[in-house]
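Chain by chain, the residues:
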Amino acid sequence: MKAPRYANEPYEAGPLARMWINGEYRKGISVMDRHIARMLESKKIAQALSVWIDQVIPGTVDYASSLHTLVSGEGIGLTEAPRGALLHYIKYSNGSIDNYQIITPTCWNASPTDAKGVLGPIEKALIGVEVKDANNPIELIRIVHSFDPCTACAVHVINPTKK
């Protein structure tokens, strides 16, 4: 897992972060707050869709591209995905890709402790959590799931004394 930082600090990404930044939700940063922010943001998008759909004009072209091949260059794409901030970066030369990086919302939220010892958002959220049953750490799972990590970025609980 990558440990992305902005201005040398880890940041939570996703609905709670967006709702917090735009001032529409500032009640807390708990599991329930993440679920509430996700619900409020979904409601906000559903309401906006009724306006956006009326702006679509059938039969018109809203996007046109002029396809051409670049031999060398560098590019970056930034957007907000449902889970949070998403970045794509590419550098290419002589028609070949030299470097391609993706920083997903899960990377922002599940980023591990960095070289300076700074914890990532999920790690920080897990500190001090009392686990009642080590064989079924549901308390940890609830917290991790509230960040809505991508299922391809698996979360594993490992006991070093067992296989």
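The coordinates are above.
Treat the numbers as computed from the prediction; the structure is a model and nothing was measured. (Residues numbered from 1 in each chain as written. Predicted model: local features only at pLDDT ≥ 70, side-chain atom pairs only at ≥ 80, totals over all residues. Heavy atoms only, no water.)

Colleague: Would you mind showing me how to read the nonpolar core here?
Modeller: One broad rule of soluble globular proteins: the nonpolar side chains tend to lie buried together. One finds Ala 13, Leu 87, Tyr 89, Ile 103, Cys 107 and Trp 108 forming the largest nonpolar core, which totals 6 residues. Listed by contribution, the elements that provide at least two residues to this core are strand E2 (84–93) and helix H3 (105–110). Ignoring any residue separated from it by four or fewer positions in sequence, one finds Tyr 89 in contact with Glu 74, Gly 75, Ile 76, Asn 99, Tyr 100 and Gln 101. (Core = buried A, V, L, I, M, F, W, Y, C linked by side-chain atoms within 4.5 Å. Buried < 20%, exposed > 50% of the residue type's maximum accessible area, 1.4 Å probe, protein only. Helix = DSSP H or I, 4+ residues; strand = E, 2+ residues; numbered from the N terminus. Contact = heavy atoms within 4.5 Å.)

Colleague: So what exactly am I meant to see when it comes to the packing of aromatic side chains here?
Modeller: Aromatic rings in a pair are described by how distant their centres are and how their planes are angled relative to each other. In this structure the tally under the stated criterion is 1 aromatic pair. When the ring of Tyr 6 is compared with that of Tyr 11, the centres are 6.2 Å apart and the planes differ by 70°; the resulting orientation is edge-to-face. Relative accessible area serves as the criterion here: at 58%, Tyr 6 is assigned to the exposed category. Note that Arg 34 overlies the ring of Phe 147, its terminal NZ or CZ placed 3.7 Å from the centroid. (Phe/Tyr/Trp six-rings, centres within 6.5 Å; stacked < 30°, edge-to-face > 60°. Lys NZ or Arg CZ within 6 Å of the ring centre and 35° of its normal.)

Colleague: Could you clarify how one ought to interpret unusual backbone geometry in this entry?
Modeller: With the exception of glycine, most residues fall at negative phi, and the peptide bonds are largely trans. One non-glycine residue, Asn 8, lies in positive phi territory at about 65°. Position of Asn 8 among the secondary structure elements: in the segment before helix H1 (15–21). Taking relative accessible area as the criterion, Asn 8 reaches 52% and is therefore assigned exposed. Despite not being glycine, Asp 148 shows a phi value in the positive range, around 55°. For Asp 148, the position within the fold is in the segment after helix H5 (138–146).

Colleague: Could you clarify how one ought to interpret a nonpolar patch on the surface in this entry?
Modeller: A contiguous nonpolar surface patch, about 380 Å² in accessible area, is contributed by Ile 45, Leu 49, Val 51 and Trp 52. Of note, Ile 45 is situated in helix H2 (residues 31–54). (Patch = residues over 30% accessible without salt bridge, like charges linked within 9 Å, V, L, I, M, F, W, Y side chains within 5 Å. Areas by Shrake-Rupley, 256 points an atom, 1.4 Å probe, with all protein chains shown as cover. Salt bridge = Lys/Arg side-chain N within 4 Å of Asp/Glu carboxyl O.)

Colleague: How should I be thinking about the pairing of strand E1 (residues 73–81) in this particular structure?
Modeller: Regular strands place their side chains on alternate faces of the sheet. Pairing geometry for E1 and E2, over 9 bridges, is antiparallel. Paired with Leu 78 across the two strands is Leu 87, which belongs to E2. Counting the residues between successive antiparallel strands, the hairpin from E1 to E2 contains 2 residues. (Pairing = 2+ DSSP bridges.)

Colleague: Help me understand the environment of Glu 9 in this model?
Modeller: With respect to the helices and strands, the residue Glu 9 is situated in the segment before H1. Residue class for Glu 9 comes out partly exposed when judged on its relative accessible area of 40%. Sequence separation between Glu 9 and Leu 119 is 110 residues; the distance between their C-alpha atoms is 9.2 Å.

Colleague: Any chance you could explain empty space enclosed by the protein here in plain terms?
Modeller: Over the atoms rolls a probe the size of a water molecule, and its path tells where empty space is left. For the structure shown, the criterion picks out 1 cavity of 30 Å³ or more. Computed from the structure, the largest cavity encloses a volume of approximately 50 Å³. What lines the largest cavity is Glu 12, Ala 13, Gly 14, Pro 15, Leu 16, Arg 34, Arg 38, Arg 83, Asn 109, Ser 146 and Phe 147. Its residues placed into classes, the lining of the largest cavity shows 4 nonpolar, 3 polar and 4 charged. (1 Å grid on protein atoms, 1.4 Å probe; cavity = no way out; pocket = protein on both sides within 12 Å on 5 of 7 lines; lining within 4 Å. Points joined across faces, edges and corners; volume = space filled by probe spheres on them. Nonpolar A, V, L, I, M, F, W, Y, C, P; charged D, E, K, R; others polar.)

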